[in-house]
Amino acid sequence: MNRHEPAALSTEELERYARHIILPEIGGSGQQKLKRARVLVIGAGGLGAPVLQYLAAAGVGALGIVDDDTVSLSNLQRQIIHGTPAVGTAKTESAADSIQRLNPHVRVEIHNMRLDAGNARPLVAQYDVVVDGSDNFETRYAIADACEAEQRPLVHAAVGRFDGSLTVLKPFESGPDGQSYPSYRDLFPEAPPKGLVPSCAEAGIVGALTGVLGTLQAMETIKLITGIGEPLVGRLLLYDGLAARFDTVRYKRRK
């Protein structure tokens, strides 16, 4: 990660990121890692919106956005990176405009496409970390397989109605015990039958829920880039919004 040449922070950037820089765990070197980092965000929707906003605000140098949809009025209840004037425009373009207004130091790379098993690997290979904000299992498996093959950390989250889950996947590395970390297919060996898991359009979803999980994804991404803390590798964080409860479940590589 951060294979790119270091870039000095300008006077304006030093002021912009001052609250990061005074943290001993991040400091100037950590902020430079953020500036050098390239992060690919899959989806500019409910999860992708807070991910993109917080990573842009944090000073991540390049953000790639993958989405092939346009902004609709029903999106605005939760996809807060988009505004009412953006209805009908491409989500990638709308998100890029918002990011540039938030932080002009961030380079945005737009990918107006639907990710699948055939095109995921070459795109994933261009980035240091991948954040999955997709809403279907086909895309999730394609992303996870590509990240494993290209050895890129994957920050995955999923939401439904009032609850959500979050984990970090690094199956190309081993833990202190010498055992390989688990993959997405260790967590979900196969997709559920079609129709078993309803979409948010069918079941509904509270908008703020995507903010909770998306912000947690951004936090895990910042930890991965700067090398601080303990990422959620081999752990699935579960959030129950109605009960206001977090639980953590450990999972391992299948034999």
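Treat the numbers as computed from the prediction; the structure is a model and nothing was measured.

Peer 1: How would you sum up the overall build of the chain? Please name residues and give values.
Peer 2: The helix and strand tally for the chain stands at 10 helices and 8 strands. The globule rule puts the C-alpha radius of gyration for 255 residues at 18 Å, and the 18 Å found for the chain is close to it. Taken along the three principal axes of its C-alpha coordinates, the chain extends 55 × 50 × 40 Å. The buried share of the chain, taken over its 255 residues, is 49%. Excluding contacts between residues fewer than 6 apart, the proportion of contacts in the chain whose partners are at least 24 apart in sequence is 66%. Looking at the chain as shown, the accessible area adds up to about 12300 Å², and 52% of this sits on carbon and sulfur atoms. In the chain, 27 positive and 29 negative side-chain charges are present, and the distance between their average locations comes to 3 Å.

Peer 1: Which residues make up helix α4 (residues 48-58), and what are the values?
Peer 2: Residues spaced three or four apart along an α-helix point in a common direction, a consequence of the helix completing one turn every 3.6 residues. Burial analysis of α4 places 8 of its 11 residues in the buried class, which makes it a mostly covered element. Among all positions of α4, only G48, A49, P50, V51, L52, L55, A56 and A58 are buried. Among the residues trailing α4, G59 stands out with phi positive, at a value near 95 degrees.

Peer 1: Lay out the pairing of strand β6 (residues 163-169) in plain terms, naming residues and giving numbers.
Peer 2: The buried count for β6 comes to 6 of 7 residues, which makes it a mostly enclosed element. Summarising the sheet, strand β5 (residues 154-160) and β6 pair through 7 bridges and their orientation is antiparallel. From the neighbouring strand, G160 faces β6, where its bridge partner is D163. Where β6 and strand β7 (residues 235-240) come together, 4 bridges link them in antiparallel fashion. Residue D163 lies in a different strand from β7, and its bridge partner there is D240.

Parameters and conventions
Residues numbered from 1 in each chain as written. Predicted model: local features only at pLDDT ≥ 70, side-chain atom pairs only at ≥ 80, totals over all residues. Heavy atoms only, no water. Helix = DSSP H or I, 4+ residues; strand = E, 2+ residues; numbered from the N terminus. Rg over C-alpha atoms; globule rule 2.2 N^0.38 Å. Buried < 20%, exposed > 50% of the residue type's maximum accessible area, 1.4 Å probe, protein only. Contact = heavy atoms within 4.5 Å. Areas by Shrake-Rupley, 256 points an atom, 1.4 Å probe, with all protein chains shown as cover. Lys, Arg positive; Asp, Glu negative; His and termini not counted. Charge placed at Lys NZ, Arg CZ, Asp CG, Glu CD. Pairing = 2+ DSSP bridges.

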